[in-house]
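Below, each chain spelled out in residue letters.
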Amino acid sequence: GAVVSQHPSRVICKSGTSVKIECRSLDFQATTMFWYRQFPKQSLMLMATSNEGSKATYEQGVEKDKFLINHASLTLSTLTVTSAHPEDSSFYICSAREPGRRGTEAFFGQGTRLTVV
Amino acid sequence: LAKTTQPISMDSYEGQEVNITCSHNNIATNDYITWYQQFPSQGPRFIIQGYKTKVTNEVASLFIPADRKSSTLSLPRVSLSDTAVYYCLVGLSGGSYIPTFGRGTSLIVHP
């Protein structure tokens, strides 16, 4: 199946700094990618939909100035957590769907564990 | 967007068959049903999807009754490595589909 790669898998940063997470579709072009965050023992919460060449669509309650999303190419979307604080510590996951694939199958990155100290 | 309801948790033993049922009473005519598996600290992994009747692959089977208001994921002869959270998603096939997750079912397989 198609592969989505996320980097880094784990990052620790100091409070007030910014962290960038990359999401790449390795063997297909993804015009749309999705970003989620997941707290311990909870489900995935959709943060935003990333569209290649245009602004991301953020879910209600997600601060777009804090979580900057850039989808500059058909294979790369980035999520930057700006001025990170301990409450931003979470598991961040990206996803993409392969264009033209029938049904609703999506491919997910391995996730990024962000710890803000 | 069709809402899904699953049991929060299930327990089983190695070698048993596990059936996880998902309710989606307001599923739309063109919606597909997709199941994902998630291990701790990993992204979800696609298991199976279907539209109606029965679908089987090398990992699982998916049973969908005629009214499509529910679906059952069947895992044959589970092992300890099947301990994970299983999510049922319902949505319309196509470019505008956004995978949206409900609470999922935490399956624990005991020795």
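Keep in mind the model is a prediction, meaning the values are calculated, not measured.

Student: Mind laying out the sheet that holds strand S7 (residues 67–73) of chain A, listing which residues take part and the relevant values?
Tutor: Residue and element names in this part refer to chain A. Read from one edge to the other, the open sheet built from four strands follows the order S1-S3-S8-S7, with strand pairing classed as antiparallel. In this open sheet, the two edge strands, each paired with only one partner strand, are strand S1 (4–7) and S7. Here the strands of the sheet are splayed against their neighbours by 15° on average, with no regard to which way each runs. Bridging between S1 and strand S3 (residues 19–25) involves four bridges; their strand directions are antiparallel. From the neighbouring strand, Val-4 faces S3, where its bridge partner is Ser-25.

Student: So what's going on with the packing of aromatic side chains? Which residues, and what values?
Tutor: Applying the stated rule across the entire model yields 10 aromatic pairs over all chains. Aromatic side chains Tyr36(A) and Phe101(B) sit 5.7 Å apart centroid to centroid with 90° between the ring planes, which places their arrangement in the edge-to-face category. In this pair, Tyr36(A) is assigned in strand S4 (residues 32–38) and Phe101(B) in the loop between strand S8 (84–92) and strand S9 (105–110), connecting two distinct chains. Of the two residues, Tyr36(A) and Phe101(B), both sit in the buried class. Between Tyr36(B) and Phe101(B), the aromatic rings sit 5.8 Å apart at their centres with planes inclined by 50°, giving tilted as the arrangement. Remark: Phe101(B) occurs in the loop between S8 and S9 and Tyr36(B) occurs in strand S3 (residues 31–38); sequence separation between them is 65 residues. On the accessibility criterion, Tyr36(B) (0% relative accessible area) is buried. An aromatic cluster of three or more residues is present, and its members are Tyr36(A), Phe108(A), Tyr36(B), Phe46(B), Tyr87(B) and Phe101(B). Its guanidinium or amino end placed over the ring of Tyr51(B), Arg68(B) lies 4.1 Å from that ring's centre, counting from NZ or CZ.

Student: If you had to explain the sheet that holds strand S5 (residues 53–56) of chain B to someone new, which residues and values would you point to?
Tutor: Strands pair in a sheet through their backbones, by hydrogen bonds, and they do so in one of two ways: parallel or antiparallel. All names here are of chain B. Read across the open sheet, the four strands follow the order S2-S7-S6-S5; overall the sheet is antiparallel. Lying at the two open borders of the sheet, with one neighbouring strand each, are strand S2 (18–23) and S5. Pairwise comparison of adjacent strand axes, ignoring direction, gives a mean angle of 15° for this sheet. Here S5 pairs with strand S6 (residues 61–64) via four bridges, running antiparallel. Across the sheet, Thr-53 pairs through a bridge with Ile-64, a residue of S6.

Student: I'd love a proper account of the pattern of salt bridges, names of residues and values included.
Tutor: Opposite charge on two side chains lets them pair, provided their charged atoms get close. Residue and element names in this part refer to chain A. Taken as a whole and judged by the stated rule, the model has two salt bridges over all chains. In this structure, the salt-bridge partner of Lys-66 is Asp-88, at a minimum N-O distance of 2.9 Å. Residue Lys-66 is located in the loop between strand S6 (57–58) and S7, and its partner Asp-88 is located in the loop between strand S8 (76–81) and strand S9 (90–96); the two are separated by 22 residues in the primary sequence. Overall, the relative accessible area of 4% leaves Asp-88 in the buried class.

Rules of the game
Residues numbered from 1 in each chain as written. Chains lettered and ligands numbered in written order. Predicted model: local features only at pLDDT ≥ 70, side-chain atom pairs only at ≥ 80, totals over all residues. Heavy atoms only, no water. Pairing = 2+ DSSP bridges. Helix = DSSP H or I, 4+ residues; strand = E, 2+ residues; numbered from the N terminus. Axes fitted to C-alpha atoms, helices over the stretch in contact; angles between N-to-C directions. Phe/Tyr/Trp six-rings, centres within 6.5 Å; stacked < 30°, edge-to-face > 60°. Buried < 20%, exposed > 50% of the residue type's maximum accessible area, 1.4 Å probe, protein only. Lys NZ or Arg CZ within 6 Å of the ring centre and 35° of its normal. Salt bridge = Lys/Arg side-chain N within 4 Å of Asp/Glu carboxyl O.

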